[in-house]
Amino acid sequence: MDRATIVHDNFLRRVAAGDLPAGAKPSGPLSPENAVALYRAGCLSRALDRQSRAMQKAGQGFYTIGSSGHEGMAAIAAALRPTDMAFLHYRDAAFQIARADQVPGQSAAWDILLSFAASSEDPISGGRHKVLGSRALMIPPQTSTIASHLPKAVGAAYSIGAAKRHGPEHRVLPDDAVVMCSFGDASANHSTAQGAFNTAAWTAFQSIPLPLVFICEDNGIGISVKTPKGWIVANFAHRPGLHYIACDGLDIFDTYRAASQAADYARTRKRPVFLHIRTVRLYGHAGADMPTTYLPKSEVEADEANDPLLHSVRLLRDAGAMPPDAALKVYQDTNDRVARIATQAVTRPRLKTAQDVMASLIPPPRPCAPTNGPSAEARAAAFGADLKAMAEPQIMSKLINWALTDLMLDHPEIALMGEDVGAKGGVYGVTQKLITRFGPDRVIDTLLDEQSILGLGIGMAQNGFVPMPEIQFLAYLHNAEDQLRGEAATLPFFSNGQFTNPMVVRIAGLGYQKGFGGHFHNDNSLAVLRDIPGLILAVPSHGADAVGMLRECVRLARKEQRLVVFLEPIALYPMRDLYDDGDGAWMRRYPAPGTRISLGEVGVTGDGPVALISFANGHRLSLQAQAQLAETGVETRVIDLRWLSPLPEASLLDALRGCTHALIVDETRRSGGVAEGLMALLAERTDLRLARHTAQDSFIATGPAYAATMPSADSIVAAAKALVT
Ligand SMILES: Cc1ncc(C[n+]2csc(CCOP(=O)(O)OP(=O)(O)O)c2C)c(N)n1
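Scoring rules and cut-offs
Residues numbered from 1 in each chain as written. Predicted model: local features only at pLDDT ≥ 70, side-chain atom pairs only at ≥ 80, totals over all residues. Heavy atoms only, no water. Helix = DSSP H or I, 4+ residues; strand = E, 2+ residues; numbered from the N terminus. Buried < 20%, exposed > 50% of the residue type's maximum accessible area, 1.4 Å probe, protein only. Areas by Shrake-Rupley, 256 points an atom, 1.4 Å probe, with all protein chains shown as cover. Lys, Arg positive; Asp, Glu negative; His and termini not counted. Charge placed at Lys NZ, Arg CZ, Asp CG, Glu CD. Core = buried A, V, L, I, M, F, W, Y, C linked by side-chain atoms within 4.5 Å. Contact = heavy atoms within 4.5 Å. Near = heavy atom within 4 Å. Polar contact = N/O pair within 3.5 Å; in protein donor to acceptor, adjacent residues only side chain to side chain. Nonpolar A, V, L, I, M, F, W, Y, C, P; charged D, E, K, R; others polar. Pairing = 2+ DSSP bridges. Right-handed = clockwise from strand over helix to strand, strands pointing away. Salt bridge = Lys/Arg side-chain N within 4 Å of Asp/Glu carboxyl O. Axes fitted to C-alpha atoms, helices over the stretch in contact; angles between N-to-C directions. Phe/Tyr/Trp six-rings, centres within 6.5 Å; stacked < 30°, edge-to-face > 60°.

Novice: Mind laying out the overall build of the chain, listing which residues take part and the relevant values?
Specialist: Helix and strand counts for the chain stand at 26 helices and 19 strands. For the chain, the C-alpha atoms occupy an extent of roughly 100 × 55 × 45 Å along the three principal directions. Out of the 725 residues belonging to the chain, those deemed buried represent 61%. As displayed, the chain offers around 26,300 Å² of accessible surface, 54% of which is attributable to carbon and sulfur atoms. Taking the 69 positively charged and 73 negatively charged side chains of the chain as two groups, their mean positions are separated by 3 Å.

Written out as C-alpha cells, the structure is:
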C-alpha cells in the first residue's frame with residue numbers, strides 16, 4: 001500500500017476513534033473561526049495531493065510533488081496580506097489555498113487541478129508546468145531549482161523602500177508590503193540561499209529597509225539526506241541582522257502566532273526575519289519515491305503519526321471551534337469535492353504545438369507613459385562640463401556613461417547595481433559620476449556576490465523598476481548565470497507573461513586587453529548567453545553604436561519587458577585609434593538623444609563582394625583587414641552584427657546581397673562560438689562560399705601572447721585570401 005493511502009486511512013481511523021496526537025493547547029491570536037478556515041485549507045491541500053496521485057495513475061496528471069505534512073503553511077498565508085509578494089516552496093499549496101480565501105473570486109482548487117492536468121487553461125503557467133502561482137494572489141511561479149528564488153526575494157523586498165523613494169510607473173507592491181519567501185531545510189544549505197541570507201543580513205546590518213520574511217520549512221530531510229538535528233536553529237538563530245523566530249508547523253495556532261509576529265516585525269521594522277517552521281514530510285519526496293527504502297519504517301510511521309491534520313482536529317476540538325466528527329466530515333467532503341472538480345479539470349484543453357508552448361517566451365509589451373527626453377536644464381545640471389565635450393569624438397566608456405546619464409534622466413525607474421559601480425564609477429570608469437548625478441538609491445554599490453546583484457535586479461524589476469545590473473567581468477557571470485537562465489528568462493514563460501522582470505544586464509567582457517588579466521578578465525565565450533530562449537544579447541563595437549544600442553536595449557526592457565544582456569567589449573572601452581597610432585578613428589561623437597539602433601539592425605562598411613562578418617573587437621580588426629585587402633585588390637564589405645542573440649537574420653541576409661564570399665570573423669571559441677550559428681544560418685540560407693576564422697578552443701593567456709589564440713588583422717587577411725583563391 002502506498003504511503004498516501006496509509007496516511008489517509010490513519011486519518012479516518014484515528015479521528016473516528018478519537019485517537020488524536022498529543023500536543024500543546026491552542027493558544028495565541030488565531031480565532032476559532034479562522035482556525036476552522038485554516039483546517040479547511042489544509043484538508044483541501046491534502047485532497048489535492050491525493051487527487052494529483054490519482055490523476056497521474058490514470059495518465060491524466062503529469063507530475064506529483066506533495067504538500068502533505070506542510071499544511072501549516074495555510075497559517076502563514078493568514079498572517080500575511082494577499083498583496084505581500086510570495087515566492088513559494090513547491091510544498092506550499094496550503095499557502096496558496098488560504099491566500100485565495102482572502103481574495104474574492106479566487107478558486108485555488110480549480111486552478112491547482114488545472115495545473116495538475118497541464119491544461120492550457122491553468123491560469124498561472126498556461127499548462128507549461130505543474131507550478132504554484134497566481135497573478136491575482138501575488139504569487140509568482142517558481143522554477144524547481146532549489147533556492148534560486150531567494151536572491152530575487154531579497155531584491156523584491158529591497159524594491160519596496162526604493163519604490164517609496166522613487167515610485168516606478170509599473171510598481172506593483174504597496175509601501176507597507178512585505179515579501180515572503182519559503183524553502184526547505186535542505187535548500188537552506190544551498191550557496192544561493194546562503195548568499196541571499198547574507199545579502200539580507202548585510203543590508204539590514206546597515207539599517208537599509210528590507211521587509212522580508214524567510215520561511216524555512218524544516219521537515220528534517222531533503223529527498224533522502226537528513227538535515228542534522230538542530231542544524232537550522234544553530235545556523236540561523238544568531239545571525240547578525242536576521243531576526244529568528246521558531247514555531248511548530250503541526251500546530252496552526254502556534255504557526256499563526258509566530259507568522260503574525262514575523263510579518264509584523266518585517267512590516268513595521270522593515271527588517272528581515274527568519275521564521276523556522278518545523279513540520280513533517282508525508283508520502284516521501286515526490287512521484288513514486290518510497291521513503292521506506294532509505295529511512296527506517298519506524299521513522300516514517302512516527303512522522304505519519306504526527307499528521308498535522310490530526311493535530312488540527314485536536315486543536316479545533318480543544319479550542320471549541322469544531323468537534324472531531326464535523327472535522328472528519330469536512331475532510332471527506334473536501335475529498336469528494338476535489339474528485340468531482342477533477343473530472344472537469346481533466347477535460348480541459350492542453351498545449352499541443354511548439355507554437356503553443358513558445359507563446360509566452362517573449363513577454364507582452366506594456367504601455368508606458370510617453371517621455372520627451374530630459375530637459376535642457378536637467379541635462380545641463382547632470383552633465384556640467386561634459387556637455388561641451390560632446391562636440392568632440394570620445395572613447396566608448398565615456399559615451400556609454402553619457403548614454404546612461406541621459407537614460408536615467410529620462411526614466412526615473414532605471415536603477416544601476418553592481419560591485420564598485422557607485423563611488424569608484426566602475427573598474428573602467430563607465431559609471432563614473434552617476435552616483436553624484438543620481439544618488440546611491442539609483443546607483444547601488446552592492447556587496448560582492450553576482451547572484452545577489454542579479455537577484456536584486458530581478459526582484460526590483462518585478463516591482464516595476466528597470467534595473468541595469470552590472471557584472472564586472474564576463475568570467476564572473478558564470479557563478480550567477482542561473483539567475484538569468486533559470487530565473488529571469490523563465491518567469492514570463494511559466495507565468496504566461498503575467499509576471500515579468502525586464503532589465504538590461506551590463507557585462508564587461510571579451511578579450512584583447514593588452515596589459516591586463518589573462519583569462520579571468522578576458523573571457524571570450526558567449527555560448528552561455530546565446531542559448532537562453534527569449535534573452536537578447538547586444539554587443540557593440542564602438543561608442544556611437546554602444547549608445548544607440550543601449551537606448552534600444554532600455555526601450556526593449558521598458559516597453560517590451562525583455563531580458564537584455566548588453567555586453568561591453570572591455571578592450572574597446574578606451575580604444576582611440578583604428579588604422580594608425582594617433583588617428584583617433586575609433587572614437588565617435590555622442591549620438592543625439594533620441595536616436596537609436598533597432599534590434600536586429602546590422603552595420604555595414606563597404607560594398608565589396610567579399611563579406612567579413614564579425615562583431616566587437618573582430619569588427620575593428622576586420623576593418624583593418626579591409627584596408628589591407630583593398631591594397632591587394634580584394635574588395636570587401638564589413639558587417640558588424642551588433643546583435644548576437646537572436647542573430648539578426650533578416651538584416652544580415654539583406655546586407656549580404658550581391659556578395660559571393662563570406663568570412664566569419666569570430667573572437668569567441670571555435671567550439672560553441674558564434675560562428676557555429678552563423679555558418680549554419682548562411683549554409684542554409686545562401687549560396688555564398690563560406691569560411692570561418694575563430695578563436696582557438698583555449699583560455700586566454702596574459703603577457704605577450706594575450707591575443708595569440710584569437711583572430712588578428714593579419715590572420716583575417718590571410719583567411720580572406722584563402723577563401724577567395
Ligand atoms: C539546485 C538544485 N539541486 C538539486 C535539486 C533536486 N532536488 C529537488 S528537491 C531536493 C531536496 C530539497 O529538500 P528540502 O529543501 O529539505 O525541501 P523538501 O523537499 O524536504 O520540502 C533536491 C535535492 C534541485 N531541485 N535544485
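What follows continues from the structure just given.
Novice: So, the nonpolar core: which residues are in play, and what are the values?
Specialist: Formed by 73 residues in total, the largest nonpolar core has its most connected members in Phe11, Tyr39, Ile76, Phe95, Leu113, Met180 and Leu275. When residues of this core are assigned to their parent elements, the largest contribution, 10 residues, is made by helix H2 (residues 32–57). If we skip the residues at most four places from it in the chain, Ile76 touches Phe95, Met180, Ile215, Thr255, Ala259, Leu275 and Ile277. Counting 63 residues, the second-largest nonpolar core is a separate cluster that includes Ile400, Ala508, Met710 and Ile716.

Novice: Describe in detail the site of the ligand, supporting the description with residues and values.
Specialist: Taken together, 16 residues form the shell around the ligand, and within it His89, Tyr90, Arg91, Ser144 and Ser187 come nearest. Between the ligand and Tyr90 there is a distance of 2.5 Å, counted from an oxygen atom to a side-chain nitrogen or oxygen. In this structure, an oxygen atom belonging to the ligand sits 3.3 Å away from a side-chain N or O atom of Asp185. For the ligand, the protein covers 74% of the area, taking 590 Å² as the surface of the free molecule. Considering only residue class, the shell around the ligand consists of five nonpolar, nine polar and two charged.

Novice: Which residues make up the pairing of strand E15 (residues 610–614), and what values go with them?
Specialist: Along any regular strand the residues' side chains alternate between the sheet's two faces. By the criterion of burial, E15 is predominantly enclosed, with five of the five residues buried. As paired elements, E15 and strand E16 (residues 636–640) share five bridges and run parallel to each other. Bridging from a neighbouring strand, Ile613 pairs with Ile639 of E16. Following the chain from E15 across helix H23 (residues 616–631) to the adjacent parallel E16, one finds a crossover that is right-handed. Where E15 lies against strand E18 (residues 661–669), four bridges are found, and the strand directions are parallel. Within the sheet, the bridge partner assigned to Ala611 lies in E18 and is Ala662.

Novice: Could you give an account of the environment of Asp356, naming the residues involved and the relevant values?
Specialist: Here Asp356 is to be found in helix H13 (residues 354–358). Of the residues examined, Asp356 reaches a relative accessible area of 29% and is grouped as partly exposed. Sequence separation of Asp356 and Gly127 is 229 residues, and the distance between their C-alpha atoms is 9.6 Å.

Novice: Residues and numbers for unusual backbone geometry, please.
Specialist: The step from Ser645 to Pro646 runs through a cis peptide bond, and the omega angle for that step is -10°. Tracing the sequence through the fold places Pro646 in the loop between strand E17 (643–645) and helix H24 (649–655). Of note in the backbone geometry, Ile223 takes a positive phi value of approximately 50° without being a glycine. Positive phi, close to 60°, is recorded for Gln561, a residue that is not glycine. Structurally, Gln561 is set in the loop between helix H22 (543–560) and strand E13 (563–569). Among the residues examined, Gln561 registers a relative accessible area of 9% and is labelled buried.

Novice: Would you mind going over the pattern of salt bridges in detail, with residue names and values included?
Specialist: Counting across every chain of the model gives 32 salt bridges. Note that Arg317 and Asp318 form a salt bridge whose closest N and O atoms lie 2.9 Å from each other. Of the charged contacts in the structure, one is a salt bridge between Arg642 and Asp545, with a shortest N-O distance of 2.8 Å. Separated by 97 residues along the polypeptide, Arg642 in the loop between E16 and E17 and Asp545 in helix H22 bring together distant segments of the chain. With respect to burial, Arg642 and Asp545 carry one shared label: buried.

Novice: An account of the sheet that holds strand E1 (residues 86–87) is requested, with residue identities and associated values reported.
Specialist: One open sheet holds the five strands; their spatial order is E1-E2-E3-E7-E6, and the pairing between them is parallel. Edge positions in the open sheet fall to E1 and strand E6 (243–248), since each of these has one partner strand only. Alignment of E1 against strand E2 (residues 179–184), held across two bridges, turns out to be parallel. Residue Ala86 lies in a different strand from E2, and its bridge partner there is Met180. Helix H9 (residues 252–269) rests against strand E3 (212–218), E6 and strand E7 (273–278) of the sheet, and its axis sits at about 160° to E6.

Novice: If you had to explain the sheet that holds strand E12 (residues 536–538) to someone new, which residues and values would you point to?
Specialist: The strands that make up a sheet pair up through hydrogen bonds in the backbone, lying either parallel or antiparallel. Here seven strands make up an open sheet; going across it, the order is E9-E8-E10-E11-E13-E12-E17 and the pairing mixed. The strands lining the two open edges of the sheet, one partner per strand, are strand E9 (443–445) and E17. Within this sheet the neighbouring strands show an average axis-to-axis angle of 20°, counted without direction. In this sheet, E9 lies alongside strand E8 (residues 414–418) in parallel orientation, the contact comprising three bridges. When the sheet's bridge partners are listed, Met417 is paired in E9 with Ile444.

Novice: Residue-level account of the pairing of strand E19 (residues 689–695), with values.
Specialist: Note that E18 and E19 share seven bridges and pair parallel. Across the sheet, Arg669 pairs through a bridge with Ala695, a residue of E19. Each parallel crossover has a hand, and the one from E18 via helix H25 (residues 674–685) to E19 is right-handed.

Novice: Would you mind going over the packing of aromatic side chains in detail, with residue names and values included?
Specialist: In this structure the tally under the stated criterion is 14 aromatic pairs. Taken together, a centroid distance of 6.3 Å and an interplanar angle of 70° make the contact between Phe183 and Phe214 edge-to-face. Here the residue Phe183 occupies a position in strand E2, and Phe214 occupies one in strand E3, the gap between them amounting to 31 residues. Given the relative accessible area of 1%, Phe183 is considered buried. Look at Phe197 and Phe274: their rings are 5.7 Å apart centre to centre, the planes differ by 75°, and that puts the pair in the edge-to-face class.

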